[in-house]
Amino acid sequence: MHRRRFLELVGTAAATSACRPDATVAPHHVERAAVRSPFAHGIASGDPTQDGVVLWTRVEADGAEELDVDWVVSLRPDLSDPVARGRGVATIERDHTIKIDVRGLAPGRSYYYGFEAQGVGSPVGRTRTLPAGSPAQALLAVVSCANLPRGHFNAYGAIAARDDVELVVHLGDYLYEYANGRSGDGTAMGRVPDPADRECTTLDDYRRRHACYKRDAQLMAMHARHPMIAVWDDHEIVNNTWIGGAENHQPDEGAFAVRRQAAIQAWREWMPVRDVTGTAPIEIHRSFRFGDLLELFMLDTRIVGRDRQLPRDDWATLTSRGRSLLGPTQERWLLDGLRRSVDDGVAWRTLGQQVLMTQVRDADGLPRNTDMWDGYPAARDRILGFLQDLAIPDVVVLTGDIHSSWATVLHRDPFAAAPGPVLAVELTAPAVSSPPPAEPPDLAALHAAHPHIRWVDVRHRGYLTVRYDSREATATWHHTDDVARAHLELPARKAFRIPRGRPDLVEIDPPA
Ligand SMILES: [Fe+2]
């Protein structure tokens, strides 16, 4: 995308309410803004395979229960000479969202796509299939925690403006459930979420919240430019969810299972994730192979297998062997998949997941935050023990959730006199717009007591990129401390090399 046009777009977005019903501006077709488009929520693609990808859009149906939607995929930006095309139906049962699971494409190629309904074309999107064979490199952008009233999604805009990114990995908190004013008041910035006056609890609430976020110009631009692989964290449902409840779910808000189901239904309708049949729709773990270079394992550490969070001083229960974060089905799937990827000669393994795996203790020796893997130490040790016992090499863990940037190495017991080998590295992406922790840790004390934490930044918002090749991976954090205005200045602030075959973090200075 041309940078000048993009800045115009972002400026337009900054001047308008995010949820204004006629906000039909879309990234590649600013000139079409004058036409009332049925595609007010943009377009998106996701869950690429080596021969296909999921295309997503939503149509304004003007009262119709069903609407025909034509789609086309082409190698050319003008959508000429289509390589695939067809017609689908957007129905009221799915809130007039529609997904096309396109197959028959070639691996490792960029494609353009678009939709047409009621004689009006959508913006044109670009997507990319996963590579086969031995790709020279893979470049992922990693994001989490975008709270609309907290600020502009500048990280999304900056990712949209990058041509080198192949895929966006979203680690959750794509949206927040709160009423306006509960976690940020978007009034002054024109970023009031819909519904504004209440927390999302019903299917209609969650659908409206997704619709509102999908009108953000920088979010639209990112979706139009790159495919996404997304998992949820807690706020797509409700704060600090576990399988049977949540911190922010009260008895007067109805049955938790009903609310959870409503949130999941809206997420499945509105996100560019592959529809599943024959398995419970609450299961979202799935994996993606980039030829023999990388396998990406996307996890749900939030809902499907999570036992209730415990007080940090309930040490006996906290450390019990049976305590679960992934649940037995997902845990088995992950361990089997890790082993298989090694057997198949895949160079790198990456876990895309929500909560910090690194061990963090306070001065009293107790875990700082039991909503993270620290609240489920036996479950964590089963993963790390498996990596150690089977000598599973070259594992990178990607994490979101905590609104700050971390570069750490993982030992089974980092506090032991001899902590043993580094089994993986963990790279934590900052928030897109959610605020950093209100009480930031004393970094000097943190580093002194935690030699496995190589770097922490608790001030900035932004995004992370990870580039993989056959020799090393490179992690780069891109930061801004200004989300009160829309802009694209997110320079590289910190970078580390992770040599293949020797899990470690080697700083690159200046960051690249
Ligand atoms: Fe968050």
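Since the model is a prediction, treat every value here as computed from it, not as a measurement.

## Some thoughts on the overall build of the chain
(1) Moving on: Scanning the chain from N- to C-terminus turns up nine helices and 24 strands.
(2) Moving on: Here the chain has a C-alpha radius of gyration of 22 Å; the compact-globule value for 512 residues is 24 Å, and the two agree.
(3) Moving on: For the chain, the C-alpha atoms occupy an extent of roughly 70 × 55 × 45 Å along the three principal directions.
(4) Moving on: Look at the contacts in the chain between residues 6 or more apart in sequence, and 70% of them connect residues 24 or more apart.

## A look at the sheet that holds strand 15 (residues 294–298)
(1) Moving on: The seven strands are arranged 14-15-16-17-19-18-20 in an open sheet whose pairing can be described as mixed. The two strands at the open ends of the sheet, each matched to only one other strand, are strand 14 (286–290) and strand 20 (453–457). Across the sheet, the axes of successive neighbouring strands diverge by a mean angle of 15°, strand direction being ignored.
(2) Moving on: Each of strand 14, strand 15 and strand 16 (348–352) is contacted by helix 7 (residues 328–343), which is oriented at about 175° to strand 15, the strand it contacts most.

## So, unusual backbone geometry
(1) Moving on: The linkage connecting Asp194 with the following residue, Pro195, adopts the cis geometry, with an omega of -5°.
(2) Moving on: Locating Pro195 in the fold gives a position in the loop between strand 10 (167–170) and helix 3 (203–213).
(3) Moving on: With an omega dihedral of 0°, the bond running from Asp509 to Pro510 counts as a cis peptide bond.
(4) Moving on: Here Pro510 is to be found in the segment after strand 24 (506–507).
(5) Moving on: Within the chain, Cys145 stands out as a residue other than glycine whose phi angle is a positive 60°.
(6) Moving on: Structurally, the position occupied by Cys145 is in the loop between strand 9 (138–143) and helix 2 (154–160).

## Quick notes on the pairing of strand 19 (residues 424–428)
(1) Moving on: Burial analysis of strand 19 places five of its five residues in the buried class, which makes it a mostly covered element.
(2) Moving on: The alternating pattern of strand 19 places Ala424, Glu426 and Thr428 and Val425 and Leu427 on opposite faces, both of which are buried.
(3) Moving on: With five bridges connecting them, strand 18 (residues 405–410) and strand 19 associate as antiparallel partners. Within strand 19, the residue paired with Leu410 across the bridge is Ala424.

## Some points on the packing of helix 3 against helix 5 (residues 256–270)
What describes two packed helices is the angle between their axes and the distance between those same axes.
(1) Moving on: Their axes nearest at 8 Å, the elements helix 3 and helix 5 cross at an angle of 35°. When you trace helix 3 past helix 5, the crossing you get is right-handed. Residue-level inspection shows Leu203, Tyr206, Arg207 and His210 of helix 3 in contact with helix 5, the latter providing Ala262, Ala263, Gln265, Ala266 and Trp270.
(2) Moving on: Tallied by class, the residues present in the contact of helix 3 with helix 5 amount to six nonpolar, two polar and one charged.

## Describing the nonpolar core
The nonpolar side chains of a soluble globular protein tend to be buried with one another.
(1) Moving on: Ranked by size, the top nonpolar core spans 131 residues in total, and within it Val142, Ile159, Val396 and Tyr463 carry the most contacts.
(2) Moving on: Shared between two domains, this core holds at least three residues of each, these being domain 1 (3–36 + 131–507) and domain 2 (37–130).
(3) Moving on: The residues contacting Val396, other than those within four sequence positions of it, are Trp348, Thr350, Ala424, Val425, Leu427, Val466, Ala473 and Ile498.

## Some words on helix 7
(1) Moving on: In a regular helix each residue adds 1.5 Å, so 16 residues correspond to 22 Å; helix 7 covers 23 Å between its end C-alpha atoms and thus fits that length.
(2) Moving on: Buried residues of helix 7: Gln330, Leu334, Leu338 and Ser341, and no others. Viewed along the axis of helix 7, the buried residues span an arc of 75°, placing them on a single side of the element. The exposed residues of helix 7 that point more than 90 degrees off its buried face are Pro328, Arg332, Asp336, Arg340 and Asp343.
(3) Moving on: Buried-residue contacts for helix 7 involve strand 15 and strand 16.

The rules we used
Residues numbered from 1 in each chain as written. Predicted model: local features only at pLDDT ≥ 70, side-chain atom pairs only at ≥ 80, totals over all residues. Helix = DSSP H or I, 4+ residues; strand = E, 2+ residues; numbered from the N terminus. Rg over C-alpha atoms; globule rule 2.2 N^0.38 Å. Contact = placed C-beta atoms within 7 Å. Pairing = 2+ DSSP bridges. Axes fitted to C-alpha atoms, helices over the stretch in contact; angles between N-to-C directions. Buried ≥ 20, exposed ≤ 12 C-beta atoms within 10 Å, placed from the backbone. Left-handed = near helix turned anticlockwise from the far one by under 90°. Nonpolar A, V, L, I, M, F, W, Y, C, P; charged D, E, K, R; others polar. Core = buried A, V, L, I, M, F, W, Y, C linked by C-beta atoms within 7 Å. Domains from an automatic or database assignment. Expected span 1.5 Å × (residues − 1). Arc of directions from axis to C-beta.

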